[in-house]
Amino acid sequence: MSVIATEGRLRLAALLFAVLLSGGLAGCAYSGRPALAAPNSLTDAEVRGIVAQWQQRLDRHLADEGVGDPAVLADLPALRSPQALRPGRIVFSATDIGATVAERDGYDVSGLLLGRLQGADRTYVFIVGTIDRDDFRPTALVDLRLASLTLRDGAPVWRIGDASVAALARYGERAEVGATLRFPGDRDRFRLVDCLPGICAEESRSGARWTLPVDAPVNQATARR
Amino acid sequence: MLLAGALSGWPAGANESEQYSLPLGRDFADLGPHLSKIVHAAITDAAVRTGDEIADAIANGESPHRIAELQSASYIADKVWGYLFVGIPTNELFDLALASPPVKARYPGLVTMYRPPASIYDDPLLALDITKAVRTFFRAGSISAGGVVFGTDKLVHFINVGRIYHVQYEARMSRGESEQTAGRAAIYSTLSNPFTSEYGLLGTLSTGIYSNGDLAANYAGMLFYRNLAEPVQIGARTLPPILERDGAGWRVVARPESDFFTAFITPHWNEALNPNRYAGYTMGRLQALLAERCADAVDWYRDPQGRRRTRAQFESIERELSTYFGADYGYQSNSGRKVTIASVCFADGSDEQAAAADDLGRSDLWWAARRGDLEGLRQLLPADLDAADADGETPLHAAVRSGNADVVIELVAGGADPNRAAYYGVTPLLLAAAHGQTEVGVALLRAGADPNGRDHFGRTPLHASAKRGDAELLRALLLQGAQPQLADDGGATPLELAVRGRKDAVAKMLRAGSGGATNLAAAGGGTASGGGEGEPLQEDDVSDRH
């Protein structure tokens, strides 16, 4: 038992040192409430730049976790949480894009996978929402648009759709009053719908609709493979 | 050793977290599997090390008394404590690890650990309060595991003070006292200690806070150490022992992917649902600071169906958490004014629940299946067993998510379609395989689930089992005709996933499985008589595992 007691003392000494050190670090890292961020006013180019960062993080995730295999999206950890109200939905999020302080400001971008298109190419379609953060809370859903990921010879090829101010406004009218802003919302019902030419999606509660033309410009992936 | 152990509980006692200030608009990562892996590794290391010591003692001809001491439940418990201490030495270090880029990268877009920029303990108006300095300096982050949000200081309490309780419990039991008396003595041995108790220097005296969550974590820790070698009761569940004797030493029988550890994490650890008792001089200001957060807190702590809870529901939760499933764990509350969601956020008497209509298309039967509530489900029969929700998930999918095989069996016996796919083409069997639910998966196979059903990524249940390294379900799938050569849309076969994930045992079975049941048997994956291709599985094909 004396050996154990010695081990205990050594652990205790290491513990006391570690606590003092890390307690000090923690005290430095988390102090004070920062000032407010500027209100949002994004151009289409700025939104595309933000969405491109989400796209790059998703590409990197596919490369790192699945060697490029999109099936890893089915294993996203959020789907396993017992807390999830809609664990059957696949959502990939990229947070703190453009943030000067993590969690305080910047943008959170989330893409809900709507499904895979039938055809020779394997094309996966997302509805991508961009949320503005200010003073440590989500303040506005500033953009919603479609994005498609096609794998050609193992390489990801992206198409990003245009914004629709009308669809965003229509969708926003169904938001739950008083609830913390989220995308996708707990009650949303997005689905792919038939339309030509291109890809269309609808949120059935609001009737809001988005289109991704077949000739939308291609964004080549930049993630390492 | 006890003194060292007692003092090692010091940082836990001095740290505070609160679950009123949570990351708005963000979701926590479920760290249950991550924590389970750490705890399982510690138990495995302890079993191996103890086995070596026992073998050495026998080889050296040490006394039977010494060998018996090494083989005792108390000795292995102490070893497990030592390895857990190395795994999670302090909550501050653990917080830093969780916030590191490698860990965060595994949970894209999710919060792994959260320290609020402005906690209710940060108020500048409390600057004259000397306990504020302690609360500010020693802070624990909030994390989520098993569906519960809690401070990482609870883990340190669980590991260290839980072991102190356990030592007391063992001592009392060795004197012939009853389980109940020994358990009570264990709790009150530290509650009366001026240094380690929630009343003393490391609780109310230094921080102004008597944390019921800390005490619940201590109590759960004691149960955990007992559960190493004996069954324990957590609510309605009886958890089988984590270890069993194996020759002269111990063998770990709990599987790392099971809830052998997360079963101990209960809402008692959440300091918003199980509120603290606060020193009177802080009460008014803390009430005001909680009031500022009421809208967010009520929105955050919705019920499992996504509805805002009422005051009565929050009060009911508080009452329920004031005991540990009926047992006293040292809970105390303020008698008059309180800092709780129920008392502060519903002060105007408003107590209405949001519209109860389930606009996700989930019936009462669906929710009973989701809860794994067999009796509740039976009372709702007959019903449409294949009615899907907004995401295409049927009651059978919901039952699979609950992990309750009995509910799954009840549903398929009642005629539920085991091959009904949800959104993205996910069948109940694929879901079971992805969650590592062997017993549920076998029940579905027996009910006629297609072992080769594919989702929109081209994955089969075999892909999911191979990726998890779930040898037992993978063997059952192969015996029921699952085709190991099928590749997913990315071109990966189950074998490639197993090799990539270094799941050697299942890789071996998959190589053998490609050659048929006889080769599978030769690879240690079962016998041809244990259920050949297309034949029903035998009763003993899957044991009832922890």
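Throughout this document, residue positions are counted from 1 along each chain, in the order its sequence is written. The naming scheme follows written order: chains are lettered A onward, ligands numbered 1 onward. With pLDDT at 70 or above as the cut-off, local features in this predicted model cover only qualifying residues; side-chain atom pairs require 80 or more to be listed or tallied, and sums for whole chains, interfaces and linings still use all residues. As a convention, hydrogens and water are excluded, and side-chain values are obtained from all of the structure's heavy atoms.

Enquirer: I'd like to hear about the overall build of chain A, residue by residue, with values.
Expert: Only DSSP runs of H or I with at least four residues qualify as helices, and only runs of E with at least two residues qualify as strands; both kinds are numbered from the N terminus onward. In terms of helices and strands, chain A carries three helices and nine strands. Each helix and strand of chain A, placed in order from N terminus to C terminus, yields the pattern α-α-β-β-β-β-β-α-β-β-β-β. Going through the 225 residues of chain A one by one, you find that 51% of them count as buried. Note on definitions: a residue-residue contact is assigned when non-hydrogen atoms from the two residues lie within 4.5 Å. Of the contacts made within chain A by residues no fewer than 6 positions apart, 53% connect residues no fewer than 24 positions apart. Accessible surface, chain A: about 10300 Å² in total, of which carbon and sulfur atoms supply 54%. Note on classification: 1.4 Å probe, protein chains only; a residue is buried when its accessible area is under 20% of the maximum for its type, exposed when over 50%, partly exposed between these limits. Reported accessibility uses the Shrake-Rupley method at a 1.4 Å probe radius. Residues are deemed covered only where the shown protein chains occlude them.

Enquirer: Could you give an account of the sheet that holds strand 7 (residues 199-203) of chain A, naming the residues involved and the relevant values?
Expert: All names here are of chain A. With respect to topology, three strands assemble into an open sheet ordered 6-7-8, the strand pairing being antiparallel. In this open sheet, the two strands that pair with only one neighbour each are strand 6 (190-193) and strand 8 (208-212). The mean angle between the axes of side-by-side strands here comes to 25 degrees, regardless of whether they run parallel or antiparallel. With five bridges joining them, strand 7 and strand 8 adopt antiparallel strand pairing. By the bridge assignment, Cys200 is partnered in strand 8 with Thr211. In this scheme, strands are said to pair when DSSP sees at least two bridges between them. Angles shown run from 0 to 180 degrees and are taken between the N-to-C directions of axes, each axis being a line fitted to C-alpha atoms and, for helices, limited to the stretch in contact.

Enquirer: Explain the interface of chain A and chain B to me, and be specific about the residues and the numbers.
Expert: The interface of chain A with chain B comprises 72 residues on the first partner and 71 residues on the second. Carbon and sulfur atoms make up 55% of the surface buried where chain A meets chain B, a total of about 6300 Å² over both sides. Between Lys or Arg on one side and Asp or Glu on the other, a salt bridge is scored when a side-chain nitrogen of the former is within 4 Å of a carboxyl oxygen of the latter. Counting every contact that joins chain A to chain B gives 11 salt bridges. Arg116 of chain A is paired through a salt bridge with Asp489 of chain B; the nearest N and O atoms lie 2.2 Å apart. Throughout this description, a polar contact denotes any pair of N or O atoms lying within 3.5 Å of each other; where both atoms belong to protein, one of them has to be capable of donating a hydrogen while the other can accept it, and for residues adjacent in sequence the pair is counted only when both atoms sit in side chains. Summed over the shared surface of chain A and chain B, the number is 24 residue pairs in polar contact (both at pLDDT 80 or more). Secondary structure elements with two or more residues in the side of chain A that touches chain B: helix 1 (2-29), helix 2 (44-66), strand 1 (91-97), strand 2 (107-117), strand 3 (122-134), strand 4 (137-152) and strand 6 of chain A. The dominant element in the side of chain A that touches chain B, judged by the number of residues it contributes, is helix 1 of chain A, at 17 residues. Buried area: the accessible surface (1.4 Å probe) lost by two parts on joining, summed over both.

Enquirer: Requested: an account of the packing of aromatic side chains, with residues and values cited.
Expert: Residue and element names in this part refer to chain B. Each Phe, Tyr or Trp ring (for Trp, its six-membered ring) is paired with any other whose centre lies within 6.5 Å, and the angle between the two planes then decides the class: stacked below 30 degrees, edge-to-face above 60, tilted in between. Across all of its chains, the model carries 26 aromatic pairs over all chains by this definition. Geometrically, the ring pair formed by Phe158 and Phe261 is edge-to-face, given 5.4 Å between the ring centres and 85 degrees between the ring planes. Of this pair, Phe158 sits in helix 9 (residues 153-174) while Phe261 is found in the loop between strand 7 (249-252) and strand 8 (277-278), placing the two residues 103 residues apart along the sequence. One exposure class covers both Phe158 and Phe261, and it is buried. Taking the centre distance of 5.1 Å and the plane angle of 75 degrees together, the rings of Trp366 and Trp367 count as edge-to-face. Given a relative accessible area of 3%, Trp366 falls into the buried group. An aromatic cluster of at least three residues, connected via ring pairs, comprises Phe150, Phe158, Phe224, Tyr225, Phe261, Phe264 and Trp269. Two conditions define a charge sitting above a ring: the NZ of Lys or the CZ of Arg must be within 6 Å of the ring centre, and it must be within 35 degrees of the ring normal. Geometry around Trp250 places Arg245 over its ring, the cationic atom sitting 5.5 Å from the centre.

Enquirer: Describe the state of the cysteines, listing the residues and the values that go with them.
Expert: Defined by distance alone, a disulfide is two cysteine sulfur atoms within 2.5 Å. This structure, assessed with the given rule, holds two disulfides over all chains. Note that Cys195 of chain A is cross-linked by a disulfide to Cys200 of chain A, the S-S spacing being 2.0 Å. As the torsion about the S-S bond is roughly 95 degrees, the Cys195 of chain A-Cys200 of chain A disulfide counts as right-handed. Summarising the burial analysis for this pair, Cys195 of chain A and Cys200 of chain A share the class buried. Disulfide partner of Cys294 of chain B: Cys345 of chain B, at an S-S distance of 2.0 Å. Its S-S torsion of approximately -85 degrees makes the covalent link between Cys294 of chain B and Cys345 of chain B left-handed. One end of the pair, Cys294 of chain B, is in helix 14 (residues 294-300); the other, Cys345 of chain B, is in helix 16 (residues 341-345), and 51 residues separate them in sequence. By relative accessible area, Cys345 of chain B is classed as buried at 15%.

Enquirer: Could you give me a rundown of the nonpolar core, with the residues and numbers involved?
Expert: In terms of nonpolar packing, the biggest core is built from 95 residues, with Trp54, Ile90, Phe126, Ile127 and Trp210 of chain A together with Leu411 and Leu444 of chain B touching the most fellow members. It is strand 4 of chain A that provides the largest number of residues to this core, a total of seven residues. With near-sequence residues (within four places) excluded, Phe126 of chain A lies in contact with Trp54, Leu58, Leu73, Gly111, Leu112, Leu113, Leu114, Arg145, Leu146, Ala147, Leu149 and Trp158 of chain A. Take the buried Ala, Val, Leu, Ile, Met, Phe, Trp, Tyr and Cys residues and link them wherever side-chain atoms come within 4.5 Å; each set so joined is a nonpolar core. Grouped together as the second largest cluster of nonpolar side chains are 63 residues, Val39, Val80, Phe150 and Phe158 of chain B included.

Enquirer: Describe the packing of helix 17 (residues 364-371) of chain B against helix 19 (residues 395-402) of chain B, naming the residues involved and giving the relevant values.
Expert: Residue and element names in this part refer to chain B. The N-to-C vectors of helix 17 and helix 19 enclose an angle of 20 degrees; their axes lie 6 Å apart at closest approach. Between helix 17 and helix 19, the angle falls in the class roughly parallel. Crossing geometry of helix 17 relative to helix 19 is assigned as right-handed. Residues Leu365, Trp366, Ala369, Arg370 and Arg371 of helix 17 pack against Pro395, Ala398, Ala399, Arg401 and Ser402 of helix 19. Working rule for angles: under 35 degrees goes down as roughly parallel, over 145 as roughly antiparallel, 65 to 115 as roughly perpendicular, anything else as oblique. Should the near helix be turned counterclockwise from the far one by less than a right angle, the crossing is left-handed, whereas a clockwise turn marks it as right-handed.

Enquirer: Give me the pattern of salt bridges: which residues, what numbers.
Expert: Where charged atoms from two side chains of opposite charge approach closely, those side chains can pair. Considering all chains together, one arrives at 49 salt bridges over all chains under this definition. Where Glu177 of chain B meets Arg172 of chain B, a salt bridge forms, and the shortest distance between an N and an O atom there is 3.2 Å. Look at the salt bridges and you will find they share partners, linking Asp44, Arg48, Asp143, Arg145 and Asp162 of chain A into a network.

Enquirer: I'd like to hear about helix 15 (residues 311-321) of chain B, residue by residue, with values.
Expert: Residue and element names in this part refer to chain B. Residues of helix 15 that are buried: Phe314, Ile317, Glu318 and Leu321. Down the axis of helix 15, the sector holding all buried residues measures 100 degrees, keeping them to one side. Along helix 15, the residues that are exposed and aim more than 90 degrees away from the buried face are Arg319 and Glu320. Those residues of helix 15 that are buried lie in contact with helix 16. By construction, the arc corresponds to the directions joining the helix axis to the C-beta atoms.

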